[in-house]
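Spelled out from the first residue to the last, the chains are:
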Amino acid sequence: MTQDVHVVCDPQSLLLTEGVCFLYMIYHNGCMNFDELGNSHREIEISENRVDEKGKIIEDLTSFSVQNDNPLYFEDFGLDDDSVLIKNTKIKKEVLEGLEKKVCLDVENAFLHFKSFLRGPIFTDSFHQNHVLRREWEKKIHEIDPKVYEYYQSNRLNTNRYCVVESWLSILEKDIINPDIKNKLSELKRNIPIELKGGNKNGGPKYSELKDSKKVKAIKEISEIVKQAILLLEDNSD
Amino acid sequence: MNSSVVSILVVDDELSFCEVLKIGLQDEGYRCNISDGGAKAIKLLREEKFDLVVLDIRFVSESIDGFDVLKFIKKEYPKTKVIMMTAFSSEEGIWNEINAKKFGAEDFIRKPFALEMLLRDIKQVLENPPTIPKREEVSVSTNSATVVGEPGPIALIDAEHPL
């Protein structure tokens, strides 16, 4: 018996990810639906180092999805712990210049949160507006394994996840004294896609009503902004 | 109201969301505590006095939801003001908003929202809580899409009109 795992990625990168796909195929005792790959040009980053704790969690989640109507469509599994952008935890001296200790801690928190955001996956599902069904499905994952649920919840499409990014940018923009960094942070905040910005109460940007493809596009844009924010804050002099 | 003495509880099952709101609120001079679930929120409410609670509707790992916490607050601590929040889609969001108001929440905010917007809402609720007219004082005009009552007519938004 074969089962399909929904993984969409850039066909150009297929060779790089073949080994990992093979692991998934073995794990699920099924096969990939490679037909789906030909029609899409979406980036996916999977390194061979993924055979770690996160790799196990991803396997468990995809396995759970396959065994439960397979509603998840992965676009990206998130950055690995050993990727350069995640590994470096040093903040530039000029970012912290003149700041009180408490504010320095806030900057550090924001910095770590940005990294945590990029570690999260991007996936859509087949529930669309059926929130009741999605909630039942989520409860099942939570009951089975809270760690897998935690990864599931770190989906960058989750409103709480990207909402936090905008709030952190607001806090940094207000707290950081260095004018150059402050201005660059303001610019990054201004570039957040309109669909993800906190809207007005009578209508708002209606993120939840967007098509999945538009949500993914917006989330990839904000992910790029977060990468820029990390690069702006981090000290990579070593 | 002097914000330096105002105590706020933020309740959401996403801890990182609570934490960033806490920092934003503390920066504005509020005292803030957080809870990543409804049961813990009720425990904190019993232990500490809060002037306002920013409350999510759904907690995935618990059998109680935000409405249960809201009912508890309004029964046990009627002076505590509540702003409910949710990320649900428009239709579900409207019903949640109706229920939130029905159970006594002072305000309702939909995610995604900017920190500045929440701060504005909090300030407004604390300084100028909405006066909810009695049922007999309100009438809905479908022709002009307004709710008529004290303190004056309120225009319905497009999504509310069909309801």
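Parameters and conventions
- Residues numbered from 1 in each chain as written.
- Chains lettered and ligands numbered in written order.
- Predicted model: local features only at pLDDT ≥ 70, side-chain atom pairs only at ≥ 80, totals over all residues.
- Helix = DSSP H or I, 4+ residues; strand = E, 2+ residues; numbered from the N terminus.
- Buried ≥ 20, exposed ≤ 12 C-beta atoms within 10 Å, placed from the backbone.
- Contact = placed C-beta atoms within 7 Å.
- Pairing = 2+ DSSP bridges.
- Right-handed = clockwise from strand over helix to strand, strands pointing away.
- Axes fitted to C-alpha atoms, helices over the stretch in contact; angles between N-to-C directions.
- Parallel < 35°, antiparallel > 145°, perpendicular 65-115°, else oblique.
- Nonpolar A, V, L, I, M, F, W, Y, C, P; charged D, E, K, R; others polar.

Trainee: Explain the overall build of chain A here, please?
Mentor: Counting secondary structure elements, chain A contains eleven helices and two strands. Ordered by position from N to C terminus, the α and β elements of chain A give α-α-α-β-α-α-α-β-α-α-α-α-α. Buried residues in chain A amount to 34% of all 238 residues. Here the contacts in chain A between residues at least 6 apart in sequence split such that 78% fall between residues at least 24 apart.

Trainee: I keep staring at the pairing of strand E3 (residues 52-56) of chain B and nothing clicks. Help me out?
Mentor: Where a strand is regular, its side chains alternate between the two sheet faces. Residue and element names in this part refer to chain B. Among the five residues that make up E3, five are buried, leaving the element largely enclosed by the rest of the structure. Across the two faces of E3 the burial is the same, with Leu52, Val54 and Asp56 and Val53 and Leu55 all buried. As judged from the four bridges shared by strand E1 (residues 7-11) and E3, these two strands associate in the parallel manner. Residue pairing for E3: Leu9 is matched across the bridge by Val53. Regarding the hand of the β-α-β motif, the stretch spanning E3, helix H3 (residues 66-76) and strand E4 (residues 81-86) is right-handed.

Trainee: Just checking my understanding: could you explain the sheet that holds E4(B) for this structure?
Mentor: All names here are of chain B. A sheet is described by the order of its strands in space; here five strands give the open sequence E2-E1-E3-E4-E5, paired in parallel fashion. Single-partner strands in this sheet number two, and they are strand E2 (31-35) and strand E5 (107-110). Shown here is a sheet whose adjacent strand axes are inclined to one another by a mean of 20 degrees, direction ignored. With four bridges joining them, E4 and E5 adopt parallel strand pairing. The residue of E5 that forms the bridge with Met85 is Ile109.

Trainee: Would you mind going over the packing of helix H3 (residues 53-67) of chain A against helix H8 (residues 146-153) of chain A with me for this structure?
Mentor: Residue and element names in this part refer to chain A. One can describe the packing of H3 onto H8 by two numbers: an axis separation of 9 Å at closest approach and a directional angle of 85 degrees. Of the possible angle classes, the one that applies to H3 and H8 is roughly perpendicular. Facing Ile57, Asp60, Leu61 and Phe64 of H3, the residues of H8 in contact are Lys147, Val148, Tyr151 and Tyr152. Taken together, the residues that form the contact of H3 with H8 break down as six nonpolar, no polar and two charged.

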